[in-house]
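The primary structure of each chain is shown beneath.
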Amino acid sequence: MKKTFCMTLALLFTLALAACGKTDSPAPAVSGNAPSDTSVVAVPPSGGQQNQPVSQAGTSCTFDPALFGGKLQSCAYAGNGTLFVLADKLYLYDTGTSTVLATAEAPLSDFEVQAIDGGYVLSGMGDSGMMAYIYDSSLSLNKEIAVDELLQGDLVVSETGGVAASTDGKKLAFAALGGLYLYDLESGSLTTLLDMAQDAGTASIRISMLNGAAFAQDNSQIVFFGSGSSIPAADGEEDFSIYGSIAVDGGGLKLTKPSGYEMEEIQSSVSRLFFPQTFTQADGTLLWVDRATGSANTLSFSASGEGKDGVYGSEQGNYVATAVLDGSLTVRVYDVASGALVATEVIENSDPTYFYRIPRIYLLDGAKTAVVVLGGSIDELDTLVSTFEFGA
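These remarks concern the structure in this document. These numbers come from a predicted model, not from an experiment. (Residues numbered from 1 in each chain as written. Predicted model: local features only at pLDDT ≥ 70, side-chain atom pairs only at ≥ 80, totals over all residues. Heavy atoms only, no water.)

**Overview of a nonpolar patch on the surface**
The condition is simple: Candidate patch residues must exceed 30% relative accessible area and have no salt bridge, after which like charges are joined if within 9 Å and Val, Leu, Ile, Met, Phe, Trp or Tyr side chains if within 5 Å. All accessibility values rest on the Shrake-Rupley procedure with a 1.4 Å probe; residue burial counts only the protein chains present in the view. Salt bridges are defined by distance alone: a side-chain nitrogen of Lys or Arg within 4 Å of a carboxyl oxygen of Asp or Glu. Put simply, DSSP H or I for four residues or longer makes a helix, DSSP E for two residues or longer makes a strand, and each gets a number counted from the N terminus. Burial status follows relative accessibility: with a 1.4 Å probe on protein chains alone, a residue under 20% of its type maximum counts as buried, one over 50% as exposed, and anything between as partly exposed.
A surface patch of nonpolar side chains, amounting to about 310 Å² of accessible area, comprises Leu 155, Val 157, Leu 177 and Met 209. For Val 157, the location among the structural elements is in the loop between α3 (147-150) and β13 (163-165). Judged by relative accessible area, Val 157 falls into the partly exposed class, the value being 48%.

And the structure:
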């Protein structure tokens, strides 16, 4: 199915894009959150069922760009079908009721969001290094943490997975240049779980660098990835990608070297952790770890080089999308459990600039809907937003 973006500004105020999850009870929109100026071009959804009321269409979702002021830059999962939308400010948006639940001044221009019990953790690079912000469910700021200052000389350099939050909101983990740290938010205590200066590793693998981490197994374990080297050292061998886990009490360290697989980042969903490959090494497969059990699995895509233009896990972790850029954008959506290809969508535009950078794709499991954002990081262009349904 092909879709062409329409560059008509009137669409901003007349079109609501059907697409996303459902909440149990509608919440009122925050007054004054529907500005008239916005740099988003909306695109009509494909498929008439998306425009039907909830009683006919079942689980529903609407993405309405007219609710956000300024240029829409990106989104992030906020849990249960809600999204954070970064535009002139930070919006907490309910896609099931098409209402803005809360707003706040955006603390950073680019950040990662993790939903926790009773609120959210936002993390990203600020002027003084890695920052973490703890918000309650109404976007009131409870705590601000200058991570690099807390680590007293060590640095977190990875914006994706560099700061991990436990789902109960009680602990943070930091994957830094010098090691892996556990921070107790209640007591303020900091514990070193892995120390690079002490040659952290196992009998056969020494950890060289940590690039990201996430909590797993009911917050009892921390899963991480990075690079390592063999023990004993092999002649001419370069560092290789590794992933592993360690208990929050510092015990039970496990390391794995996935053969011929070079990891780019860690993406956290409710049920799974995804490890997309470095784009230059993408071979059409995706490593993922079950967040509840710690077991590792591999998802195979349709084409051997698929994944180099972006891999995107869904909010709950049931689906994965890939982007293929070639003068247009082809989005393929896969069911993770079965490995089946459930949808293919082609998005086109007369301006090829939109396809020079990878898009941002958000998959809402409950509504089986994808929200695609193009041009959010290109100042000279209006942001294009499109949605489509996937799955049965």
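**Some details on unusual backbone geometry**
Pro 232 follows Ile 231 through a cis peptide bond whose omega is 0°. Within the secondary structure, Pro 232 is located in the loop between β18 (221-230) and β19 (240-247). With a phi angle near 55°, Gln 152 is a residue other than glycine that sits in the positive phi range. With respect to the element layout, Gln 152 can be found in the loop between α3 and β13. Phi is positive for Gln 217, close to 50°, though the residue is something other than glycine. Along the chain, the position of Gln 217 falls in the loop between β17 (205-216) and β18.

**A few points about the sheet that holds β17**
The condition is simple: Only strands that DSSP links by at least two bridges are regarded as paired with each other. Between N-to-C directions, angles cover 0 to 180 degrees, with each direction set by a line fitted to C-alpha atoms, over the stretch in contact for helices.
Read across the sheet, four strands follow the order β17-β18-β19-β20 without closing on themselves; strand pairing throughout is antiparallel. Edge strands, defined here as strands with exactly one partner in the open sheet, are β17 and β20 (254-256). Direction aside, neighbouring strands of the sheet carry axes that sit 25° apart on average. Summarising the sheet, β18 and β19 pair through eight bridges and their orientation is antiparallel. Counted as the bridge partner of Ile 222 is Ile 246 from β19.

**Examining the packing of aromatic side chains**
For any pair of aromatic rings, geometry is given as the distance between the ring centres together with the angle between the planes. So the rule is basically this: Note on aromatic contacts: the rings of Phe and Tyr and the six-membered ring of Trp form a pair at centre separations within 6.5 Å, being stacked when their planes are under 30 degrees apart, edge-to-face when over 60 apart, and tilted otherwise.
Scanning all chains against the criterion turns up eleven aromatic pairs. For the ring pair Phe 84 and Tyr 120, a centre distance of 4.8 Å and an interplane angle of 85° mean the geometry is edge-to-face. With a gap of 36 residues between them, Phe 84 in strand β6 (residues 82-86) and Tyr 120 in strand β10 (residues 119-126) connect regions that are remote in the sequence. When the ring of Tyr 319 is compared with that of Phe 390, the centres are 4.9 Å apart and the planes differ by 65°; the resulting orientation is edge-to-face. Residue Tyr 319 is located in strand β26 (residues 319-325), and its partner Phe 390 is located in the segment after β31 (383-389); the two are separated by 71 residues in the primary sequence. Classification of Phe 390 as buried rests on a relative accessible area of 2%.

**Regarding the sheet that holds strand β5 (residues 74-79)**
The strand order across the open sheet built from four strands is β5-β6-β7-β8, with neighbouring strands paired in antiparallel fashion. The open sheet has two free edges, formed respectively by β5 and β8 (99-104), since each of these has just one partner strand. Taking the axes of each pair of neighbouring strands and ignoring which way they run, one obtains an average angle of 25° across the sheet. Pairing of β5 with β6, which is carried by five bridges, proceeds in the antiparallel orientation. For Ser 74, the partnering residue across the bridge sits in β6 and is Leu 86.

As far as function goes, none of this settles anything; it's purely spatial.
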